[in-house]
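The residues making up each chain are set out below.
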Amino acid sequence: MNSNISTGYAARTAPQGAAERHSLDRLAVNTIRTLAMDAVEKAKSGHPGTPMALAPVAYTLWQDLLAFDCEDPHWLNRDRFVLSNGHASMLLYALLHLAQVKDESGRPAVTLEDIKAFRQLGSRCPGHPEYGHTAGVETTTGPLGQGCGNSVGMAMAQRWLAAQFNQPEFPLIDYTVYTFCSDGDLMEGVASEAASIAGHLKLSNLCWIYDNNHITIEGNTALAFSEDVGMRFHGYGWAVFHVPDANDTLSVEQALAMFQSEHDRPTLIIVDSHIGYGAPHKQDTAAAHGEALGEEEVRLAKRNYGWPEDAHFLVPDGVYEQFRRGIGERGQQARQAWNRLFESYRTRYPDLAARLQSIERGDLPDGWDAELPSFLADAKGQATRESGSKVLNAIAKRYPWLLGGAGDLSPSTKTLLTFEGAGDFAPGKPGRNLHFGIREHGMGAILSGLAVSRLRPYGASFLIFSDYMKASIRLAALMRLPVIYVFTHDSIGLGEDGPTHQPIEQLAGLRAIPGLVTIRPADANEVVEAWRVIVGLKHRPACLVLTRQALPTLDRSRYAPASGLACGGYILSEAPGQKPDVILIATGSEVPLCIAAQDMLESQGLAARVVSLPCWELFAEQDEGYRESVLPAAIKARVSVEAAATLGWERYAGPEGANIGMHGFGASAPAKDLMREFGFTPEKIAAAAKAQVSKWKTA
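Residues numbered from 1 in each chain as written. Predicted model: local features only at pLDDT ≥ 70, side-chain atom pairs only at ≥ 80, totals over all residues. Heavy atoms only, no water.

Asker: Account for the packing of helix 5 (residues 146-165) against helix 7 (residues 189-201), naming residues and giving values.
Answerer: Direction vectors running N to C along helix 5 and helix 7 enclose 20°, while the axes themselves pass 7 Å from each other. Considered as vectors, helix 5 and helix 7 are oriented roughly parallel to each other. In this structure, helix 5 meets helix 7 at a crossing whose hand is left-handed. Taking contact as the criterion, the partners of Gln146, Cys148, Gly149, Val152 and Met156 in helix 5 are, on helix 7, Val190, Ala191, Ala194, Ala198 and Leu201. Looking at the contact of helix 5 with helix 7 residue by residue, the class counts come to eight nonpolar, two polar and no charged. (Axes fitted to C-alpha atoms, helices over the stretch in contact; angles between N-to-C directions. Helix = DSSP H or I, 4+ residues; strand = E, 2+ residues; numbered from the N terminus. Parallel < 35°, antiparallel > 145°, perpendicular 65-115°, else oblique. Left-handed = near helix turned anticlockwise from the far one by under 90°. Contact = heavy atoms within 4.5 Å. Nonpolar A, V, L, I, M, F, W, Y, C, P; charged D, E, K, R; others polar.)

Next comes the structure, spelled out in structure tokens:
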């Protein structure tokens, strides 16, 4: 093969590549292609074109370079391979199968039967790669751009872990992150934000391989995409190399070698490819992107490969052995050498070794909660973002791998780690304060990349901007990652910034995400308990929703202890005689209003119970007896109070209960004026409660 690589923006001498590929290499490449075609054809669903195009590139990377042990795909120092263009999932499944990757039980990660059941119920080959479902899948991908963002988080994690644990003569953590991405990935804003951060941080351990095939679902990318991608990434501070032909594996090798020589910037390798390569009528067309080729086109493509046209799911003799001689033996040797290095490291640095293993297991450090504060009753109180800052710092001081930051909002979200030694994460600096800039999309995806790397990340912004992060939050929930999101400025109570910044529907949207825990605490001590719960979540992401305005710190000698938050909801203030006429249910800043309304109602001869319900998800997980004790079905007079959309509150207030909430957008004014204008006052709550009692007495 002829080498035809260009650097695009940096002149350099390319190293000499390997000689002409052995015939077994071509056979292996075509096996990847035909497995992908056959799987999509059998399912009558999927994306065959990209695996057909990228098979030589993927094979070259896996067979010649990737440090990955097929016998132990969770090995700590493995290279990470991220398929951000997750629609090309059969490319990854074919590699996992042919390399004979094993899961934790020793079972093949992907069998030929799994491939035959591609996109079918129960198969380990779902439509898009899913983290935790198939061994060897590093992160869930498919929503374009997200895998790119995840890979930046993985590269950041490697840098942080290396700074913490590597010692002279012990380069324990030195893995590399490789990411395949598509035209669609690079059109999505999340990838652009992540690329910008990666360039700023000089993540030279990160390589994106861009499949430049000029085809998307609607047709040629010229319809909507004409920028110079290489120049854009050059502007981000990346090294950019160009391989004009995906089938030129020698040039691919040379580009990867040049990436390895970079020491102060990430690398983008632009690979020109032909989607649906070899399909005579559908190559370079949108028809090869998102649908099966059709039986006749598959036969003709196989003919072009010199493949038996009537063979299905064929793995020719020698292909498994070829993978075993390449990535199989190399990866196993690399892991065994690393294990020997780690044993010596453990002898020399036992405390560091133990800490690293704790991180890998997902353990909590001993005594992480030893300095949690307790807040005295205070009528003036403080904003929950303020108490949240104190609790976060108390935890992070004793939780060394808890790290995070904000989308340029840490002075407002109060999420800066301020204790001695926290420091900033920057090129050459392994600090724990991450500065994401005004890039909430990128921040959300990067947090997941940090989490799959076993660090404990948090990211902060205003609640209104959770919308920018929704795709990443949803994927974190799907992957069961313990990412922590801190959202402040949680209601119209933020005041003068007005309706553009005042969240209305965001709480309802977050609560709708399966597996996500959303907590809106009512005072400083509920904040403490919220953090206690969140830190203990090993397999779920959580949103902590906090106020800008001050809230009174409740007198816990008079009211129930804040530890009730762990149940999601609890009786904060019982009715006189424990026989309520009406139940007042609220979250966050509206809980103190309900307490004031309770006092008003008592003076009028009505007994009200106040229930703090900061976390719907945790409350729903309690047994029926507990939920009935808090919200007895027999008491139908109920009022819910929350300065947000009322969607979903019928679950707790009942279909005929009163819901005091927002039914439109807010306004620009001081917080007290807004709360009064929109009906969040003790008087309005008491009036609604009285109406409920009257209604159900006559019912």
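Asker: Describe helix 12 (residues 350-361), with residues and values.
Answerer: Between the first and last C-alpha of helix 12 there are 16 Å, a value that for twelve residues agrees with the 16 Å anticipated at 1.5 Å per step. Within the sequence span of helix 12, burial applies to Ala353, Leu356, Ser358 and Ile359. The elements touched by buried residues of helix 12 are helix 5 and helix 11 (319-348). In the stretch just after helix 12, Gly362 is the one whose phi turns positive, near 80°. (Expected span 1.5 Å × (residues − 1). Buried < 20%, exposed > 50% of the residue type's maximum accessible area, 1.4 Å probe, protein only.)

Asker: Explain the nonpolar core residue by residue, including any values.
Answerer: In this structure, Trp208 and Trp531 are the most contacted members of the largest nonpolar core, which totals 111 residues. Counting residues in each nonpolar core, the second largest holds 59 residues, with Phe118, Val243, Val252 and Phe323 among its members. (Core = buried A, V, L, I, M, F, W, Y, C linked by side-chain atoms within 4.5 Å.)

Asker: Outline the sheet that holds strand 13 (residues 456-462), supporting the account with residue identities and numerical values.
Answerer: Strand order across the open sheet formed by six strands is 12-9-13-14-16-15, with parallel pairing between neighbours. Unpaired on one side and paired on the other, strand 12 (433-435) and strand 15 (517-519) mark the two borders of the sheet. This sheet shows a mean twist of 20° between the axes of neighbouring strands, independent of strand direction. Sheet topology places strand 9 (residues 402-406) next to strand 13; five bridges connect them, and they run parallel. For Ala406, the partnering residue across the bridge sits in strand 13 and is Ala460. Taken strand by strand, helix 18 (residues 524-535) contacts strand 13, strand 14 (484-488), strand 15 and strand 16 (542-545), and its axis lies near 170° from that of strand 16. (Pairing = 2+ DSSP bridges.)

Asker: Describe the layout of surface pockets, with residues and values.
Answerer: Taken as a whole, the largest pocket spans an internal volume of roughly 910 Å³. Along the wall of the largest pocket there are 37 residues; nearest its centre are His74, Glu104, Tyr131, Arg454 and His539. Residue composition of the lining of the largest pocket, grouped by class: 16 nonpolar, eight polar and 13 charged. When its volume is computed, the second largest pocket comes out at roughly 380 Å³. Counting only elements with at least two residues in the lining of the second largest pocket, the list comes to strand 8 (378-383), strand 17 (550-553), helix 19 (591-603) and helix 23 (671-677). In terms of residues, the lining of the second largest pocket owes the most to one element, helix 23, which gives four residues. Here the lining of the second largest pocket is composed, by residue class, of ten nonpolar, four polar and three charged. (1 Å grid on protein atoms, 1.4 Å probe; cavity = no way out; pocket = protein on both sides within 12 Å on 5 of 7 lines; lining within 4 Å. Points joined across faces, edges and corners; volume = space filled by probe spheres on them.)

Asker: Report on the sheet that holds strand 19 (residues 582-586), specifying residues and quantitative values.
Answerer: Judged by pairing direction, the sheet is mixed, and its five strands sit side by side in the order 18-20-19-21-22 without closing on themselves. The open sheet has two free edges, formed respectively by strand 18 (570-573) and strand 22 (658-662), since each of these has just one partner strand. In this sheet, adjacent strand axes meet at a mean angle of 25° when their direction is disregarded. As defined by bridge partners, strand 19 adjoins strand 21 (residues 638-645) across four bridges and the pair is classed as parallel. Across the sheet, the residue bridging to Leu584 is Val639, located in strand 21.

Asker: Mind laying out the packing of aromatic side chains, listing which residues take part and the relevant values?
Answerer: Across all of its chains, the model carries 26 aromatic pairs by this definition. Ring centres of Tyr399 and Trp401 lie 5.6 Å apart, and the angle between their planes is 90°; on these two criteria the pair is classed as edge-to-face. A network of ring pairs unites the aromatic residues Trp75, Phe170, Trp338, Phe342, Tyr345 and Tyr349 as a single cluster. Taking the ring centre of Tyr175 as reference, the NZ or CZ of Arg80 above it sits at 3.9 Å. Residue placement shows Arg511 over the ring face of Trp616; its charged tip is 4.0 Å from the ring centre. (Phe/Tyr/Trp six-rings, centres within 6.5 Å; stacked < 30°, edge-to-face > 60°. Lys NZ or Arg CZ within 6 Å of the ring centre and 35° of its normal.)

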